[in-house]
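One-letter residues, chain by chain:
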Amino acid sequence: MFSSETYINRRELIKNKLQTGILLFLGNEESAMNYQDNTYPFRQDSTFLYYFGISSPGLAAIIDIDENREIIFGDEMSIDDIVWMGRQETLAEKSKKTGISNIQPYNHVQKYLERAMAKQRPVNFLPPYRPENKIKLGHLFGINLQALTSAVSVPFIKAVVEQRSVKSTEELDKITLAVNTTSEMHLMAMRTARPGMTENDIAALIHAAALAKGGSLAYPVILTVHGEILHNHSRGNIFKDGNLILNDSGFETAMGYCADLTRTFPAGKTFTSKQRDVYNIVANAVNTAATGLKPGKKFLDVHFTACKVLAEGLKELGLMKGNVDDAVAAGAHAMFFQCGTGHMMGLDVHDMEDMGEQYVGYTEMLKKETKLFGLKSLRLGKELEPGFVFTIEPGIYIIPELIDLWRSENKFADFINYSKLEEYRDFGGIRIENNYAITANGYKILGNPLAETVEEIENIRSFAY
């Protein structure tokens, strides 16, 4: 945990922002895998972590702005808990570290809210994503589960997003630690993978490295020779010379701060000439998109910069044709780049995604209304501010099924060279991803340098086996 002053100050900021009402925070519960006592690894709700810092199941908290109360609701360990788990830090001790002394049994939260609502006092809650918390909220407020979405407090959401979006110095330190550990995991994968090994072999080593550093994975490892599948969690393939290996993996610290890096490297010692050409297009898109980062820059423009660099490179290879600006405006580049260029990152790898993309990535002045293929998946579009942390991750993905569909429709025939594209039908995919923070005057790339150029990667691979 951070110091108690950090959590006290965070709560003061949101109280000053909202001025009135009761703010309800639900922590997460243990989640059963296949029976009640066999649970997934516990992960606390990120907003609960941000304001209270306690990573334990079975908690709720309220900030009563009008009555100047802060209460944590939860139960101390029973004798059965102690028998099975041993004596651990008490809830009172944990709460003291977050600057709260008012601790009440968990079932008192309902009584507190009932008294408040009987007086017509406003109670605000955030969008639930866990089924058990949806059920709790439905019970607490007498709301049908399908109606919960419209009952959440938009001012509460906006206040949390505004506060969590700007990372403090101590948060940036934790994120940088996560990025550095992630870089080590990626470097190990580059040094270890070789023909004859399986995707699972390397994914297991990455997971083990994360556990050894006292944290865990920020998300399930994407380690695949089928990089054209954007989030491929199937890992049964055997590496062969000539394959490309896409590794999208990230470390999460014990406090919940995340990193998210991607590198693509050859299963053999070198890229083929075709792989080298496509890789350099993606690398150019990453670096060109990052060059213009600064406060006030719309990330939507960063995205289009990456798209145009990709399209220009693909045109030089003969895979696209015509005017590049027109091609990107029409969405023809989405044959090769079907997703967004980046997303916010922090206590969630897709930071605050549970709050709603319309609040996290966009604003009232910049709403995402497009259904354009490729652009509809851009999670971040708004102007960047000092303290924002996010990814830039362009890629080129050759998806045979998409080729067949669009070609059958004669779609974007003025911009896509379908006959040339057939030569790349089984190419796969390449993604390069780095993590960035906006500073007062520009930006910085987070973490220690990780091999990115063809030459740097081939140098590592030359000693791999």
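Rules and cut-offs
- Residues numbered from 1 in each chain as written.
- Predicted model: local features only at pLDDT ≥ 70, side-chain atom pairs only at ≥ 80, totals over all residues.
- Heavy atoms only, no water.
- Helix = DSSP H or I, 4+ residues; strand = E, 2+ residues; numbered from the N terminus.
- Rg over C-alpha atoms; globule rule 2.2 N^0.38 Å.
- Buried < 20%, exposed > 50% of the residue type's maximum accessible area, 1.4 Å probe, protein only.
- Contact = heavy atoms within 4.5 Å.
- Pairing = 2+ DSSP bridges.
- Arc of directions from axis to C-beta.
- Phe/Tyr/Trp six-rings, centres within 6.5 Å; stacked < 30°, edge-to-face > 60°.
- Lys NZ or Arg CZ within 6 Å of the ring centre and 35° of its normal.
- Expected span 1.5 Å × (residues − 1).
- Polar contact = N/O pair within 3.5 Å; in protein donor to acceptor, adjacent residues only side chain to side chain.
- Axes fitted to C-alpha atoms, helices over the stretch in contact; angles between N-to-C directions.
- Core = buried A, V, L, I, M, F, W, Y, C linked by side-chain atoms within 4.5 Å.
- Salt bridge = Lys/Arg side-chain N within 4 Å of Asp/Glu carboxyl O.

*Asks:* Explain the overall build of the protein to me, and be specific about the residues and the numbers.
*Replies:* When helices and strands are counted, the protein shows 17 helices and 17 strands. A globule of 465 residues ought to have a C-alpha radius of gyration of about 23 Å, and the protein, at 24 Å, matches this closely. In terms of overall dimensions, the protein has a C-alpha envelope of 70 × 50 × 45 Å along the principal axes. Out of the 465 residues belonging to the protein, those deemed buried represent 53%. Put simply, 73% of the contacts in the protein that link residues at least 6 apart link residues at least 24 apart.

*Asks:* Describe in detail the side chain of T181, supporting the description with residues and values.
*Replies:* Residue placement: T181 occurs in helix α9 (residues 169–192). Residue classification places T181 among the buried residues on the basis of a relative accessible area of 6%. Setting aside anything within four residues of it in sequence, one finds T181 in contact with K213 and F251.

*Asks:* Quick one: what's the story with the pairing of strand β1 (residues 22–26), residue by residue and with numbers?
*Replies:* In regular strands, side chains alternate between the two faces of the sheet. With respect to burial, β1 is a largely interior element, five of its five residues being buried. Covered by surrounding structure in β1 are I22, L24 and L26 together with L23 and F25, the residues of both alternating faces. Alignment of β1 against strand β4 (residues 60–64), held across five bridges, turns out to be antiparallel. Counted as the bridge partner of I22 is D64 from β4.

*Asks:* Let's hear about helix α15 (residues 400–408): which residues, and what values?
*Replies:* All buried positions along α15 are accounted for by P400, L402, I403 and W406. Around the axis of α15, the buried residues are gathered within 160° of arc, so they sit on the same side. Opposite the buried face of α15, by more than 90 degrees, sit the exposed residues E401 and S408. For α15, the secondary structure elements touched by its buried residues are α16 (418–421). Downstream of α15 by one or two residues, N410 has phi in the positive range, about 55°.

*Asks:* Just give me the short version of the packing of aromatic side chains, but keep the residues and values in it.
*Replies:* One pass over the structure, following the stated rule, counts 16 aromatic pairs. With 5.9 Å between their ring centres and 65° between their planes, F373 and W406 make a pair best called edge-to-face. Of this pair, F373 sits in the loop between α14 (357–360) and β13 (389–392) while W406 sits in helix α15, placing them 33 residues apart in sequence. Over the aromatic face of Y465 sits the side chain of K269, whose NZ or CZ is 4.0 Å from the ring centroid. Over the aromatic face of Y424 sits the side chain of K274, whose NZ or CZ is 4.5 Å from the ring centroid.

*Asks:* Help me get a handle on helix α8 (residues 154–165), residues and values and all.
*Replies:* Helix length check: α8, at 12 residues, gives a terminal C-alpha distance of 16 Å against a target of 16 Å (1.5 Å per residue), a fit within 8%. Listing the buried residues of α8 in full gives F156, I157, A159, V160, V161, Q163, R164 and S165. Looking at the buried residues of α8, the elements they touch are α1 (4–18), β1, α2 (46–52), β7 (123–124) and α14. The residue sitting at the N-terminus of α8 and contributing the capping side-chain oxygen is S153; that oxygen lies 3.2 Å from the backbone nitrogen of F156.

*Asks:* How would you explain the sheet that holds strand β10 (residues 244–249) if you had to name every residue and give the values?
*Replies:* Strand pairing in a sheet relies on backbone hydrogen bonds, with the paired strands running either antiparallel or parallel. Across the sheet, three strands lie side by side as β9-β10-β12; this open sheet has antiparallel pairing. The sheet is open, and its two edges are formed by β9 (222–224) and β12 (261–266), each paired on a single side. The mean angle between the axes of side-by-side strands here comes to 10°, regardless of whether they run parallel or antiparallel. Note: β10 against β12, six bridges, orientation antiparallel. Considered in β12, the bridge of L246 is made with T264. Contacting β9 and β10, helix α10 (residues 199–212) crosses the sheet at an angle of about 150° to β9.

*Asks:* Please give an account of the sheet that holds strand β16 (residues 434–438) that cites residues and values.
*Replies:* The three strands are arranged β13-β16-β17 in an open sheet whose pairing can be described as antiparallel. In the strand order of this sheet, the two ends are held by β13 and β17 (443–445), each with one partner. When strand polarity is set aside, the average angle formed by the axes of neighbouring strands in this sheet is 35°. Relative to β17, β16 is paired through three bridges, and the arrangement is antiparallel.

*Asks:* Outline the nonpolar core, supporting the account with residue identities and numerical values.
*Replies:* In terms of nonpolar packing, the biggest core is built from 142 residues, with L24, F390 and L421 touching the most fellow members. With 10 residues, helix α12 (residues 299–317) is the largest single contributor of residues to this core. Those residues in contact with F390 that lie beyond four places of it in its chain are L293, F299, H343, M344, M345, L380, L384, N434, N435, Y436 and I438.

*Asks:* Just give me the short version of the pattern of salt bridges, but keep the residues and values in it.
*Replies:* One pass over the full model with this rule turns up 28 salt bridges. Here D348 and R164 are joined by a salt bridge, their closest N and O atoms 2.9 Å apart. Of this pair, D348 sits in the loop between α13 (324–330) and α14 while R164 sits in helix α8; the two residues are 184 residues apart in sequence, bridging distant segments of the chain. R164 matches D348 in its accessibility class, with the two residues each being buried. Put simply, E422 and R425 hold a salt bridge, and the shortest N to O gap is 3.3 Å.

*Asks:* Hey, could you go over the environment of C307 for me, with residue numbers and the actual values?
*Replies:* Here C307 shows up in helix α12. Judged by its relative accessible area of 0%, C307 falls in the buried class. Setting aside chain neighbours within four positions, we find C307 in contact with V328, H333 and F337.

*Asks:* Can you break down the side chain of T262 residue by residue, with the values?
*Replies:* Counting through the fold element by element, T262 comes out in strand β12. Overall, T262 belongs to the buried group, its relative accessible area being 0%. Of note is the side chain of T262, whose polar atom sits 3.2 Å from the side chain of D248. Within polar-contact distance, the side chain of T262 engages the side chain of E433 at 2.6 Å. If we skip the residues at most four places from it in the chain, T262 touches H186, L246, N247, D248, R431, I432 and E433.

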